[in-house]
Structure formats: C-alpha cells, structure tokens
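Chains, contacts and geometry: an overview
Chain by chain, the residues:
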Amino acid sequence: MTGGVVSERRPHGSRPDAGRTAVSGTDARHPHGRLPLPDVDITLDNGLRVVVCSAPVVPLVEIRLTVPYAAAGSGEVALCQLLAGVLPQGTAHRNADDYDAALAAHGATLNSAADARKLTLAGHTMAGSLPPVLALLAESLRAPRLTEDVVLPERERLARRIRLATHQPAALAQHALLRRRYGEEAAARRQPTPDVAAACTPDALAKLHARHLGARGAVLVLVGDLRPEEAVATVREVFGSWEAGPAGGTPEVPPWFAGGPLLPVDRPGSVQSLIRLATPALPRTDPGYPALHLAQLVFGGSFASRLVARLREGEGYAYQLGSGVESVPGASTLMVEADTAAEHTVPALAVIKEELERMTAEPPSEREVDAARSYASGSTATAMSSPGALASGLANLLHIGVGSDWLHNWGPLLEGVPYDAVGEAARRFFRPSAFTGVIVGDAAAVAPLRRGATGELDF
C-alpha cells in the first residue's frame, strides 16, 4: 500500500475542451526528471475520453480502456464480473479460437476485469498493429458473444472463484472490513455470492451490456511507440460510432463511516491474525491530499516508517504491515494493516495504537517529511517507468478523477507541501478513535480485547 497515491493541481474534473487536442512539446517531456506529459487528452463526441502518451521504449503499445458504471446491487456486480469473463471469449462475429488467432496474428493480448465500479480491458500490441487490434477490442465491446455455450461455463467458473475466495484470510478480512465500514446491507450490494453468480442468465447479461457498456464516461489510454496524431485518427475511426449509452451511470460516492470498536472474524485454529483498520480520508482531488500522503508515508507507508521500524524491526510482531490510501471517485480511506502470529495479536494492536497516538502528539519531523518526499517522488517514477505501468497508472488516476498531467506534476507538488501542513494532517487523520476495523483470527487470540456481550473488540 505504499505507492500510487495522488493529487492534482488542476481543478477537479477539468480537462482540455472536448474535441481539442493538447500536444506537449518534445523539449518539455522530461524536465527535471518528471514523467512525461500525455501528448493528447481529448473527448470524442460520444463521450469517450482518449489519452495518448508517446513512450517509445519498445515497439509496443499498451492499451487500457475503463468503462465506469453504477452497479445496482450484488446481482449487477456479478453480471459485470461475468461480462468481464465473457468478453475475451469471442464476439458475435467470430468464436473464441478465431478471436484468439486474430490477436495472436498481431502479437497482441487483451484481458478484462470488473468490480462494483468499472470494467477494465487491458492489453498490448505490436506498434504497427494498433488499428486492427483496436478494431478487435471495439468488436468485443460492442458485440460480445453472449450465447449459452459461452456464458454458462463462465458463470460456473465465476461462482467457483467467489466460493474459493470465502476461504482466503485476506478476502475474509476485505469483506469484513467492508461490512464494518458501511453496514451489512451496503456491503452485500457490493459482494456477489456464489448463488447470485450462478443465477446469472444470458438474457440478463445482454440487458446489462446494453445498459452499462457505452462510450459516455469511458476512458481509453494508449501508451507506447506510436505517433499521437495517427493514434487519435485511428481511435476516431474505430470508436467514433460507439454508442454513448444511457446517462446516469456514475458510481456512487461511498458514505462517511465512524470510528469505533473492531469486529472479530473467527478462524478456528488459525496461527495468524490479520488486523485491518480504516478511517475516512481526503479524496485525491483535495488540495490537502499531498500532505496526507506524506504523513501516511511517515507513519507506515514506507520501509523507513515509524510503524515498520517499531512493529517489525523492533518488536518482531508483524511480517507484513503498512499503511496506504484506498481511493475511489470522490472519496478515499486511510488504511492500516498488519499480519501477525496469533500470539502477538494483542501486543501488535497495542503498538499500532501507540504509534497512531504518537503521530498526533509528535507530528512528523522535518527530517521525516523530507525523507517521505524523496521516497514518494522516487517510488512513483520507478513504478511508472515501463509503458505498461504508465498506462495502468494513468487509467487508474483518470478513473479516480485527477487530471492526465498528475504524474508529471506530482514531484513538484510534493516539494511545495509545508512541514506544518503534514503535521496538521497527522493530527487530523491519525487519531485512534477515528479508526474502526476487523481482526481475522482464532477467537482465543482476540479474547483479551472483547467488549462485553456485543463481542466487539476494544481499540
């Protein structure tokens, strides 16, 4: 959870005018070691946003297409995940073998995934094959193969994956924390069960496809060895006739949640405990976000952080731990996590609480802030150094709502954060009473923390 946290100088939601091309000068692409600015950021008439970045490291082009939506319950989440599984398996005009052969002929790959907020298609192609590969992508989007022979086996695979996930400690912790933050009903809307997945039908999938997979609000990111103007012309030709789709598909902003006791999730006989804590934080588009990011790096977001130095290096209580910010459009959550041996559960939680209290009583020093600035800038540049990582990073950032120039401006933005702003963020967001969370482990490991008849855990 240490990388990829972002902010933005440009006002929220602003971008170059629809239909206009913003081209950066060649001499301005890497000033002072910054990551490159996208060469193109435009929005087509149908609402598809296109961001193109020339990065001729290898003769490939990375492709990322994100389609946001507001899934209305766990049934629609399951349908979206099922659709993601079906898309790579051919189209209405060619079967799976023909589709795979067409991709292979261009040295291309295309994969898809979905959650409760978006469908993502990702892949790459040889640079000279971008037009036909984009045509294949558009074909799978607009005319997927939704026949029973494709949908029913994929439906069973999805139900099986969901069933298996319920036995994984990390998935248990993630689901339990979602319930703790937003309540049983809200969490259930985001979490399909195996039964819900197994009940999906081809007809329902076709209706969901018509309802959600339109161009309006979608973002296509192309990064690699390409000529920006030619790439835009190809995108216009291939995707210009893609239907905009219904309006009103914006994902909901998660509600605020209160701090409070922790929820125990019993795993009888488990030799480890998973501690997960959360508190509402600033959206990535908020001007105060860079200061919050530096504060969480000092706390637990880097190997040199206070929490890592104390909990792992000093006490030896945790073998996996850290802090980070989980962001979605319009909201974010400050997260703290630690995996510890069952017998260390109570003392590890005590150390986490003490370090949170120390952040408010002893805000980050100038030395700690300077180290966090250096780490943040360097880790972002390193993480985004390949065209594939840059494409994925841009796609994620644009989905969250920051501008396409964020990666270029992130380092200078961090340099401008005053020391006292980081201290204020530490005092504001790291109060233990503002956190809630879960502990997944054997009941005996958390027994000393139990609070009365409710079964909740003190923190």
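It should be noted that the structure appears before, not after, this text.
Right, let's walk through the structure included here. (Residues numbered from 1 in each chain as written. Predicted model: local features only at pLDDT ≥ 70, side-chain atom pairs only at ≥ 80, totals over all residues. Heavy atoms only, no water.)

1. Regarding the overall build of the protein chain
Secondary structure summary: the protein chain contains 16 helices and 13 strands in total. Its C-alpha radius of gyration of 23 Å places the protein chain within 12% of the 23 Å reference for a compact globule of 459 residues. By principal-axis analysis of the C-alpha atoms, the protein chain measures approximately 60 × 55 × 35 Å. Taken across its 459 residues, the protein chain has 53% of its residues classed as buried. Of the contacts formed within the protein chain by residues at least 6 apart in sequence, a portion of 80% connects residues at least 24 apart. As displayed, the protein chain offers around 19,100 Å² of accessible surface, 53% of which is attributable to carbon and sulfur atoms. Across the protein chain, 43 positive and 49 negative side-chain charges occur, with their mean positions spaced 3 Å apart. (Helix = DSSP H or I, 4+ residues; strand = E, 2+ residues; numbered from the N terminus. Rg over C-alpha atoms; globule rule 2.2 N^0.38 Å. Buried < 20%, exposed > 50% of the residue type's maximum accessible area, 1.4 Å probe, protein only. Contact = heavy atoms within 4.5 Å. Areas by Shrake-Rupley, 256 points an atom, 1.4 Å probe, with all protein chains shown as cover. Lys, Arg positive; Asp, Glu negative; His and termini not counted. Charge placed at Lys NZ, Arg CZ, Asp CG, Glu CD.)

2. Overview of the sheet that holds strand β3 (residues 60-68)
The six strands are arranged β1-β2-β6-β3-β5-β4 in an open sheet whose pairing can be described as mixed. At either end of the open sheet lies a strand with only one pairing partner, and these are β1 (40-43) and β4 (109-114). Going across the sheet, the axis of each strand differs from the next one's by a mean of 10 degrees, ignoring polarity. Relative to strand β6 (residues 219-224), strand β2 (residues 49-54) runs parallel, the two being bridged by six bridges. Of the residues in β6, the one forming a bridge with valine 50 is leucine 220. (Pairing = 2+ DSSP bridges. Axes fitted to C-alpha atoms, helices over the stretch in contact; angles between N-to-C directions.)

3. Re the packing of aromatic side chains
Counted according to the given criterion, the structure contains four aromatic pairs. With 5.8 Å between their ring centres and 85 degrees between their planes, tyrosine 182 and phenylalanine 257 make a pair best called edge-to-face. Of this pair, tyrosine 182 sits in helix α5 (residues 169-190) while phenylalanine 257 sits in the loop between α8 (228-239) and β7 (262-266), placing them 75 residues apart in sequence. Classification of tyrosine 182 by relative accessible area gives buried; the value is 14%. Note that arginine 190 overlies the ring of tyrosine 182, its terminal NZ or CZ placed 5.0 Å from the centroid. A cation sits over an aromatic face here: arginine 373 above tyrosine 419, 5.1 Å from the ring centre. (Phe/Tyr/Trp six-rings, centres within 6.5 Å; stacked < 30°, edge-to-face > 60°. Lys NZ or Arg CZ within 6 Å of the ring centre and 35° of its normal.)

4. Observations regarding the packing of helix α10 (residues 306-314) against helix α11 (residues 345-361)
Contact pair α10 / α11: the axes reach a minimum separation of 10 Å and the direction vectors enclose 155 degrees. Between α10 and α11, the interaxial angle falls into the category roughly antiparallel. Crossing handedness for the pair α10 and α11: right-handed. Contacts between α10 and α11 involve Arg306, Leu307, Arg310 and Leu311 from the former and Ala348, Val351, Ile352, Glu354, Glu355, Arg358 and Met359 from the latter. By residue class, the composition of the contact of α10 with α11 is six nonpolar, no polar and five charged. (Parallel < 35°, antiparallel > 145°, perpendicular 65-115°, else oblique. Left-handed = near helix turned anticlockwise from the far one by under 90°. Nonpolar A, V, L, I, M, F, W, Y, C, P; charged D, E, K, R; others polar.)

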